[in-house]
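Fold and geometry: a report
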Amino acid sequence: AYRNACRMDVLLQRLFYFSKLETGALPWFPVETLAEAEKFLRERFLDTYRTETGWRYAVCLREEPERPVGYVNIAPGEAHDLGYGLEKACWHRGLMTEAARAVVEQVRRDGGLPFLTATHDVLNPRSGGVMQNIGMTYRYSYEELWQPKNRPVTFRMYQLDLNGRENETYRKYWDRHPVHFVENP
């Protein structure tokens, strides 16, 4: 079961800290002030709970449940994109696999989504490992000029079917980007 374990001031401090980490993979620029962190938290995470598909969670350590060390979410939209991030000190401990698996199970219980997608930069294969560990399967790769950081990236797209139609692949990234291909395993 999920619970609201973190006070707003703790969330803001951790978001401020987390956004400054040099992972290169976060799809946003670091916030510069606590006021920016509060605006970002409300717009990108907290306001989502007012929608029907509000799957956005802080990832906290069991031994420090008041201290978020990452996040996992399902983005609204037709791709139902699974996204996650974890501070480097917590990498390689299975935390993200455990958290992502819990969110996927919550989505299954809530019902309504036919599939989930997730993408990772080919230079970050460990992120693809999380996707595989929770049952997602590789479908294709594509190149894009990644925004907002304006750099070319090759992404691998994974999918988890929730409706039993395993032969249907979400194709929007394939169709949108002229450089796309299927890699050999």
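Residues numbered from 1 in each chain as written. Predicted model: local features only at pLDDT ≥ 70, side-chain atom pairs only at ≥ 80, totals over all residues. Heavy atoms only, no water.

**Describing the overall build of the protein**
From N to C terminus, the protein includes 5 helices and 7 strands. The helix and strand sequence of the protein, counted from the amino end, reads α-α-β-β-β-α-β-α-β-β-α-β. Each of the 185 residues in the protein was classed as buried or not, and the buried ones make up 43%. Considering only contacts within the protein whose residues lie at least 6 apart along the sequence, 58% involve residues at least 24 apart. Surface exposure of the protein reaches about 10,700 Å², of which carbon and sulfur atoms provide 51%. (Helix = DSSP H or I, 4+ residues; strand = E, 2+ residues; numbered from the N terminus. Buried < 20%, exposed > 50% of the residue type's maximum accessible area, 1.4 Å probe, protein only. Contact = heavy atoms within 4.5 Å. Areas by Shrake-Rupley, 256 points an atom, 1.4 Å probe, with all protein chains shown as cover.)

**Quick look at the sheet that holds strand E1 (residues 55-61)**
Spatially, the 3 strands line up as an open sheet ordered E1-E2-E3, and their pairing is antiparallel. Across the chains shown, the open sheet's two edge strands, defined by having one partner strand only, are E1 and strand E3 (82-86). Taking each pair of neighbouring strands and ignoring which way they run, the sheet shows an average axis angle of 35 degrees. As paired elements, strand E2 (residues 64-74) and E3 share 5 bridges and run antiparallel to each other. Its bridge partner lying in E3, Val-72 is registered against Tyr-84. (Pairing = 2+ DSSP bridges. Axes fitted to C-alpha atoms, helices over the stretch in contact; angles between N-to-C directions.)

**A word on helix H3 (residues 95-110)**
Counting along an α-helix, one turn takes 3.6 residues, and residues three or four places apart therefore face a common direction. Here H3 spans 23 Å end to end across 16 residues, near enough to the 22 Å set by a 1.5 Å rise per residue. Those residues of H3 that sit buried are Leu-95, Met-96, Thr-97, Ala-99, Ala-100, Val-103, Val-104, Gln-106 and Val-107. For H3, the elements touching its buried residues are E1, E2, E3, strand E4 (115-121), helix H4 (125-133) and strand E6 (151-161). Looking one or two residues past H3, Gly-111 carries a phi angle of roughly 70 degrees, positive in sign. (Expected span 1.5 Å × (residues − 1).)

**Regarding the nonpolar core**
Counting residues in each nonpolar core, the largest one holds 27 residues, and the members touching the most others are Val-72, Ile-74, Leu-82, Met-96, Leu-116 and Met-136. At the level of elements, E1, E2, E3, H3, E4, H4 and E6 are the ones that each hand at least two residues to this core. Contacts of Leu-82, omitting those with residues within four sequence positions, involve Val-72, Asn-73, Ile-74, Ala-100, Thr-117, Ala-118, Ile-134 and Met-136. (Core = buried A, V, L, I, M, F, W, Y, C linked by side-chain atoms within 4.5 Å.)

**So, H4**
Within H4 the residues assigned to the buried category are Ser-127, Gly-128, Gly-129, Val-130 and Met-131. Contacts made by the buried residues of H4 are with E3, H3, E4 and E6. Once H4 finishes, Gly-135 follows within two positions and takes phi at roughly 100 degrees, a positive value.

**Quick look at the pairing of E6**
The element E6 is largely enclosed, with a buried count of 9 among its 11 residues. Sheet analysis places E4 next to E6, joined by 7 bridges and oriented antiparallel. The residue of E6 that forms the bridge with Thr-117 is Gln-159. When strand E5 (residues 137-146) meets E6, the two strands line up antiparallel, connected through 9 bridges. For Thr-137, the partnering residue across the bridge sits in E6 and is Gln-159.

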